Amino acid sequence: MLVAGVDSSTQSTKVLLCQAEDGSVVGQASAPHPDGTECDPGLWWQALGEAGRGLLDRADAIGVAAQQHGMVVLDAAGRVIRPALLWNDMRSAPQAAALIAELGGPAEWARRTGSVPTASFTVTKLRWLAEHEPAAAERTAHVLLPHDWLTWRAGSSGGAGSSGGAGSSSGAVEAASDRGDASGTGYFSPAANKWLPEIATAALGHPVRLPRLAAPAEIVGRTPGGAALSAGTGDNMGAALGLGVGLGEVVVSIGTSGTAYAVAAEPAADESGLVAGFADATGRFLPLVATVNAARILTVTARMLGTDPEGLSRLALAAPAGADGLTLLPYLDGERSPNRPDASGVLRGLTSTNTTPENLARAAVEALLCSLADAIGNLADCGIIAQRVILIGGAARSEAVRRIAPAIFGMPVAVPPPAEYVALGAARQAAWALSGAESPPEWPLPGFSAEYTAEPVPLVRERYAALRDATVDWGA
């Protein structure tokens, strides 16, 4: 039997077709998404059709993993009301602060939802909608996440405009979500494993229908062609499932966003707001720290230097550790961890002798890694102690990132072979749903193509921390 895994990310849709018994990839394709911080969900559906052509129709089961937090609002007939606001849309930062204050402060949010919401979280976007587009908010009858909407659309013979609506049991398939992706909304309790609809109501101003919560291995519907649809999940949860992450391992993913996360047996509730106490896709938990700025730090710096990512890597490796005193704070598009939505980038330590392309490239790589080292430290503050780091994502292909990472992280770094781990995890979930077993299938783990070690260079972290802390009020 064959299963398909879908990764609908910020930048593109990727589809893998795999053997259900062992995860062997037998076909794959991708299609781009438009750039920006909001997107018409119909464009995701179009990209899924393009990437899945000749693959999805061969699958016995399909799983969809997608970018977390995105707000897809539908009217009572199941029609999309406005483009989805994405995780990287920072405009709801004032609403996040207001909601935190209204519902009892950070400690109360962490206790109830496992997380203190930032502008990325869906709940803050609902409040933004209520304040800035009240007519759209008034029409909103259902709110879904990107993976919820794609799974529902795939299983609904009537499509997005079906008269039954996203919550109907007649006509259209009832929309469903999983606890992993639900835990990034701000109105779900990972510890209690239930929606908190009163929080969504408080944010939007009136009750709104939420998708049914599916079990990790549940079949939530079928495509018109008869393929089973698994519950789906968020992209980080999909990657953890695809990698087979075990206890004691911290994954650092460097893509459009940066994340550091670990599988845990107990829920997290960090009132500082730095660690999001998410659930995973298997019934356990996935404490996670996310940054808005990640691989783009490298691409922007490469553009400044008139080179490409490979050229940037070569330049960075030609400079000494510490970039001869240059330190970059890489908050180019605001930041989520730490929560500085109005911040911008800062370059410190410029002299007439250290302003070379090599040093600027090195400063960019070190800034990216220092930001993620902070994230690893945030996990440690919650009791998640890393023995090693598993490095994935597009920027993990950079030789400079690989070689400099262990010196910044202060621990060994293992790099698995390049693969679409989010889509692979979605496919593994689909195979699990198809099997009806109590646990996911034991697909062979990817292993590691390389492991890197280096002597720690604490001075780089110290300079970065000093710049980070000195600019707390900049842009406020």
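Predicted, not measured: the structure shown is a model, and the values here were computed from it. (Residues numbered from 1 in each chain as written. Predicted model: local features only at pLDDT ≥ 70, side-chain atom pairs only at ≥ 80, totals over all residues. Heavy atoms only, no water.)

Participant: I keep staring at the overall build of the chain and nothing clicks. Help me out?
Facilitator: A count of helical and extended segments in the chain gives 15 helices and 24 strands. Summarising its shape, the C-alpha atoms of the chain cover approximately 70 × 50 × 40 Å along the three principal directions. Relative to its full complement of 476 residues, the chain shows a buried share of 60%. If you take every contact in the chain between residues at least 6 apart in sequence, the share linking residues at least 24 apart comes to 72%. Split by element, the accessible area of the chain, about 17,300 Å² in all, is 52% carbon and sulfur. In the chain, which carries 33 positive and 47 negative side-chain charges, the distance between the mean positions of the two groups comes to 2 Å. (Helix = DSSP H or I, 4+ residues; strand = E, 2+ residues; numbered from the N terminus. Buried < 20%, exposed > 50% of the residue type's maximum accessible area, 1.4 Å probe, protein only. Contact = heavy atoms within 4.5 Å. Areas by Shrake-Rupley, 256 points an atom, 1.4 Å probe, with all protein chains shown as cover. Lys, Arg positive; Asp, Glu negative; His and termini not counted. Charge placed at Lys NZ, Arg CZ, Asp CG, Glu CD.)

Participant: Would you mind going over the sheet that holds strand β22 (residues 388-392) with me for this structure?
Facilitator: Strand order in the open sheet made by the 7 strands is β18-β19-β17-β16-β22-β23-β24, with mixed pairing throughout. One side of each edge strand has no neighbouring strand; the edge strands of this open sheet are β18 (276-279) and β24 (450-452). On average, each strand axis in the sheet is tilted by 25° relative to the strand beside it, whichever way the strands run. In the packing of helix α12 (residues 357-381) onto the sheet, the strands contacted are β16 (249-254), β17 (258-261), β19 (285-291) and β22, and the crossing angle to β19 comes to about 150°. Across the sheet, helix α13 (residues 399-409) is in contact with β16, β22, β23 (413-415) and β24; its angle to β24 comes to roughly 40°. (Pairing = 2+ DSSP bridges. Axes fitted to C-alpha atoms, helices over the stretch in contact; angles between N-to-C directions.)

Participant: How should I be thinking about the layout of surface pockets in this particular structure?
Facilitator: Regions of empty space are outlined by a rolling probe, equal in size to a water molecule, passed over the atoms. Taken as a whole, the largest pocket encloses approximately 940 Å³ of empty space. As for the largest pocket, its lining consists of 44 residues, of which Ser253, Gly255, Thr256, Gly393 and Gly394 are closest to the centre. Considering only residue class, the lining of the largest pocket consists of 19 nonpolar, 17 polar and 8 charged. By volume, the second largest pocket is sized at about 330 Å³. Contributing to the lining of the second largest pocket are 20 residues, with Leu56, Ile62, Ala154, Thr223 and Pro224 lying nearest its centre. Contributing elements (two or more residues each) for the lining of the second largest pocket: α1 (41-51), β5 (61-66) and α6 (146-155). Top element by residues in the lining of the second largest pocket is α1. It accounts for 3 residues. Residue classes in the lining of the second largest pocket are distributed as 10 nonpolar, 8 polar and 2 charged. (1 Å grid on protein atoms, 1.4 Å probe; cavity = no way out; pocket = protein on both sides within 12 Å on 5 of 7 lines; lining within 4 Å. Points joined across faces, edges and corners; volume = space filled by probe spheres on them. Nonpolar A, V, L, I, M, F, W, Y, C, P; charged D, E, K, R; others polar.)

Participant: Hey, could you run me through the packing of aromatic side chains in this one?
Facilitator: To describe a pair of aromatic rings, you give the distance between the ring centres and the angle between the ring planes. Here the structure, examined in full by the defined rule, presents 3 aromatic pairs. Here a set of aromatic residues connected by ring pairs shows up, and it is made of Tyr187, Phe188 and Trp195. Here the basic side chain of Arg91 rests over the ring of Trp128, its NZ or CZ set 4.8 Å away from the ring centre. In this structure, Arg179 packs its charged tip against the face of Phe285, placed 5.1 Å from the ring centre. (Phe/Tyr/Trp six-rings, centres within 6.5 Å; stacked < 30°, edge-to-face > 60°. Lys NZ or Arg CZ within 6 Å of the ring centre and 35° of its normal.)

Participant: What am I meant to see in empty space enclosed by the protein here?
Facilitator: Taken as a whole and assessed by the stated rule, the structure comprises 4 cavities of 30 Å³ or more. Roughly 80 Å³ of internal volume is contained in the largest cavity. Every element with two or more residues in the lining of the largest cavity is listed here: β20 (327-329), α12 and α15 (458-470). The biggest single contributor to the lining of the largest cavity is α12, with 4 residues. A per-class count over the lining of the largest cavity returns 7 nonpolar, 2 polar and 2 charged.

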